[in-house]
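# Fold and geometry: a report
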Amino acid sequence: MTPKVTGFFDDATNTISYVVQDPQGSACAIVDSVLDFDYSSGRTDTKSADAVIAFVKENGLEVQWLLESHVHADHLSAAPYLQDALGGKIGIGDRIQVVQDTFGKVFNEGTEFQRDGSQFDKLFVEGDSFHIGQMRADVLHTPGHTPACLTYVIGDAAFVGDTLFMPDFGTARCDFPGGSSELLYDSVQKILALADETRIFVGHDYKAPGRDDYAWETTVGEQKAKNVHVGGDATKDSFVEMRNARDATLAMPKLIIPSLQVNMRAGQMPPADEDGKVFLKVPVNGL
């Protein structure tokens, strides 16, 4: 089955969110949504999410799933906002518990912060399957960028989050807590074992040098032949050496501090204080 896929590009974070439609009905899923956030003022905005809501309503779609490929470190999830407006269940990989434990300590969240993934409606594991209308979706656990990364294979389309980028840009960084270049290489091989004609939809695009336009759709065959990090004759040893050296030069994402605190809560803000005010923490020398 070939789902209809509509991408929504967020200029501020270079994120692509997707609406994935059952071609034989009105059911759909939303993958990796974005809540706009201005770090300098601490203000949120729903412009990006509202564009998705408008599309869903204009096309008479029924949202069944709000899928997260992982706990994003570069943008805030709009899943709760979309759920309030459109319904659907929020899903993520079950290794979210590892991420919650790690960053619960980093942000000194205390015992009141649940580290069992219960903020989400569904925790997926390798080999799980579910349906979006008449479409079957299969779950691949593809860690490396983070411990909880998933790839959702829906019909002939695979939504890989940050594991793979466009072939001319390569692969995701692995230097966050719980990341592993060795695991990322193995996860990429799992994705590349899918049929060559499988469409791959990436979670971000940064417009590699020499390319004029943003892009987010490729294929397994194209990745195998042309990916600058893992394509062709690239070996695991050469990839790990390259990835580790490259990661050592990268700065932390601009929104990593608010993103992690919100996304490990399934897109919810931290609890308000006794005056109803919400605060985010900045761990000094903590990342």
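The following refers to the structure shown. (Residues numbered from 1 in each chain as written. Predicted model: local features only at pLDDT ≥ 70, side-chain atom pairs only at ≥ 80, totals over all residues. Heavy atoms only, no water.)

## Some points on the state of the cysteines
Here, the word disulfide means a covalent bond between the sulfur atoms of two cysteines. Spelled out, the test is: Cysteine sulfurs are considered disulfide-paired once they come within 2.5 Å of each other.
A complete count under the given rule lists zero disulfides for this structure. Cys-149 supplies the cysteine sulfur nearest to Cys-174, a cysteine that is in no disulfide, at a spacing of 9.0 Å.

## Quick word on the sheet that holds strand β8 (residues 122-124)
Keep this limit in mind: At least two bridges found by DSSP between two strands are what make those strands a pair. In this description a helix means any DSSP run of H or I spanning at least four residues, a strand means any run of E spanning at least two, and both kinds are numbered starting from the N terminus. Between the N-to-C directions of two axes lies an angle of 0 to 180 degrees, each axis being a line fitted to C-alpha atoms and, for a helix, fitted only over the stretch in contact. Residues count as neighbours in contact if any of their non-hydrogen atoms are within 4.5 Å of one another.
On the basis of which strands lie adjacent, the open sheet formed by six strands has the order β1-β2-β3-β6-β7-β8 and mixed pairing. Unpaired on one side and paired on the other, β1 (4-10) and β8 mark the two borders of the sheet. Adjacent strand axes in the sheet meet at a mean angle of 25° when their direction is disregarded. Relative to strand β7 (residues 89-93), strand β6 (residues 62-67) runs parallel, the two sharing three bridges. Bridge pairing links Trp-65 to Lys-89 in β7. Of the strands in this sheet, β1, β2 (15-21), β3 (27-31) and β6 are in contact with helix α1 (residues 47-58), which crosses β1 at around 155°.

## Regarding the packing of aromatic side chains
When we look at a pair of aromatic rings, we describe it by the centre distance and by the angle of the planes. Definition in use: A pair of aromatic rings is counted whenever rings of Phe, Tyr or Trp (Trp by its six-membered ring) have centres within 6.5 Å, and the orientation is called stacked for planes under 30 degrees apart, edge-to-face for over 60 and tilted otherwise. To sort residues, take the accessible area from a 1.4 Å probe on protein chains only and compare it with the maximum for the residue type: under 20% means buried, over 50% means exposed, and anything in between is partly exposed. Our definition puts a charge over a ring when NZ of Lys or CZ of Arg is within 6 Å of the ring centre and also within 35 degrees of the ring normal.
Enumeration over the complete set of coordinates arrives at 16 aromatic pairs. Ring geometry for Phe-8 and Phe-55: centres 5.5 Å apart, planes at 75°, overall edge-to-face. On the criterion of sequence distance, the pair formed by Phe-8 in strand β1 and Phe-55 in helix α1 is long-range, its members being 47 residues apart. In this pair, the class of Phe-8 matches that of Phe-55, namely buried. Arranged with centres 5.8 Å apart and planes meeting at 75°, the rings of Phe-165 and Phe-169 form a pair that is edge-to-face. Taking relative accessible area as the criterion, Phe-165 reaches 7% and is therefore assigned buried. Here Lys-207 stacks its cationic end above the ring of Tyr-214, 4.6 Å away from the centre of that ring.

## Things to note about unusual backbone geometry
Unusually for a residue other than glycine, Lys-207 sits at a positive phi of about 55°. Take Lys-207: it is sitting in the loop between β13 (199-201) and β14 (217-219). Look at Asn-285: it is not a glycine, yet its phi comes out positive at around 60°. Within the secondary structure layout, Asn-285 lies in the segment after α7 (256-263).

## Points about the environment of Glu-58
In this structure, Glu-58 sits in helix α1. A residue is classified by how much of its surface remains accessible, and Glu-58, at 66% relative accessible area, is exposed. Counting along the chain gives 41 residues from Glu-58 to Val-99, while the straight-line C-alpha distance between them is 36 Å.

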